[in-house]
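The residues making up each chain are set out below.
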Amino acid sequence: ISGNFRDDDFQFHAKALTIQNIVNYEKLVLKHPKLLSSDFDIKKEGDVYILSNGEFEVYGIPLLFAVEYNRSSTKYAAKAQVKSASLQRLDKSLINRYAGDFQFYPLKGEIWVDADIKGSSSEKNAITLSSRIDRGAFINKKEGIKIEDAFFSVRYTNGKFRSNRSSILDVDTLRFTSGDSKIAVSG
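Let me begin by describing the structure that accompanies this report.

About the cut-offs
Residues numbered from 1 in each chain as written. Predicted model: local features only at pLDDT ≥ 70, side-chain atom pairs only at ≥ 80, totals over all residues. Heavy atoms only, no water. Core = buried A, V, L, I, M, F, W, Y, C linked by side-chain atoms within 4.5 Å. Buried < 20%, exposed > 50% of the residue type's maximum accessible area, 1.4 Å probe, protein only. Helix = DSSP H or I, 4+ residues; strand = E, 2+ residues; numbered from the N terminus. Contact = heavy atoms within 4.5 Å. Salt bridge = Lys/Arg side-chain N within 4 Å of Asp/Glu carboxyl O. Pairing = 2+ DSSP bridges. Polar contact = N/O pair within 3.5 Å; in protein donor to acceptor, adjacent residues only side chain to side chain.

Details of the nonpolar core
Piece 1. One finds Ile-61, Leu-87, Ile-111, Phe-138 and Ile-147 to be the most contacted residues of the largest nonpolar core, which totals 13 residues.
Piece 2. Looking at this core, the elements with two or more residues in it are strand 7 (61-70), strand 8 (75-86), strand 10 (123-140) and strand 11 (145-157).
Piece 3. Other than its neighbours up to four places away in sequence, Ile-111 contacts Ile-61, Val-82, Lys-83, Ser-84, Ala-85, Leu-87, Ser-131, Arg-132 and Ile-133.

What follows is the structure in structure tokens.
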């Protein structure tokens, strides 16, 4: 931990390394028994608070993040990013929670995610999410089905009205092979 404090402004840096990581929250259990590092900077200049260089792991996926908040205007901006993480690192609890009975588990591949959220206490959030999976392979052990050479690129925004009414989900490409079948979709 290091920092620079003067008057009302400050700059603070923290870096931590943990060996065993288990978080229990209600019915959700996150386990990551490997080394985990987190590294971030917090800075205050006037009414502006900035958290930058944030780095930690969620469900086994390394996440980079930054947040800026202006106290006088109550405006904020948050950005989160996953840069080329291995799909195999996805924690099974995440897959079970969000995929349910889908039961396809990752064998290999890379995932990228970008998320931007901007807003204030007086307006709705502007949300933009984009994600890509490349060279993915998944297996359903129960049914003996294997999906290979998967590529998936999607972008979501809640639009100019920042609501479901103006939301756009753009599936740039969905492509995969299963046995002798090849499927490709965009829309």
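What about the pattern of salt bridges?
Pairing between side chains becomes possible if they bear opposite charge and their charged atoms approach one another.
Piece 1. Following the criterion strictly, the structure yields seven salt bridges and no others.
Piece 2. Its salt-bridge partner being Asp-116, residue Lys-79 comes within 3.5 Å of it at the nearest N-O pair. Linking Lys-79 in strand 8 with Asp-116 in strand 9 (residues 105-120), this pair joins segments that are 37 residues apart in sequence.
Piece 3. Ionic pairing is found between Lys-146 and Glu-148, a salt bridge with its closest N-O pair at 3.7 Å.

Let's talk about the pairing of strand 7
Residues in a regular strand point their side chains to alternate faces of the sheet.
Piece 1. Where strand 7 lies against strand 8, seven bridges are found, and the strand directions are antiparallel. Paired with Val-67 across the bridge in strand 8 is Ala-78.
Piece 2. Hairpin remark: strand 7 followed by strand 8, antiparallel, with four residues in the connecting loop; positive phi at Thr-74, about 55 degrees.

Points about the side chain of Lys-44
Piece 1. Tracing the backbone shows Lys-44 in strand 5 (residues 36-45).
Piece 2. For Lys-44, a relative accessible area of 8% translates into the label buried.
Piece 3. For Lys-44, the side chain forms a polar contact with the main-chain oxygen of Asp-8, separated by 3.2 Å.
Piece 4. Within the local environment of Lys-44, its side chain forms a polar contact with the backbone oxygen of Gly-46, the two atoms lying 2.8 Å apart.

A short note on unusual backbone geometry
Glycine aside, negative phi is the norm for most residues, and most peptide bonds take the trans geometry.
Piece 1. Even without being glycine, Asn-53 reaches a positive phi, approximately 55 degrees.
Piece 2. Summarising the element assignment, Asn-53 is placed in strand 6 (residues 48-58).
Piece 3. We note that Thr-74 has phi near 55 degrees; this positive angle belongs to a residue other than glycine.
Piece 4. The topology assignment puts Thr-74 in the loop between strand 7 and strand 8.

Considerations on the side chain of Thr-177
Piece 1. Checked against the element boundaries, Thr-177 lands in strand 12 (residues 168-178).
Piece 2. Judged by relative accessible area, Thr-177 falls into the buried class, the value being 17%.
Piece 3. In this view, Thr-177 contacts Lys-146, Ile-147, Glu-148, Asp-149 and Lys-182; residues no more than four positions away in its chain are not counted.

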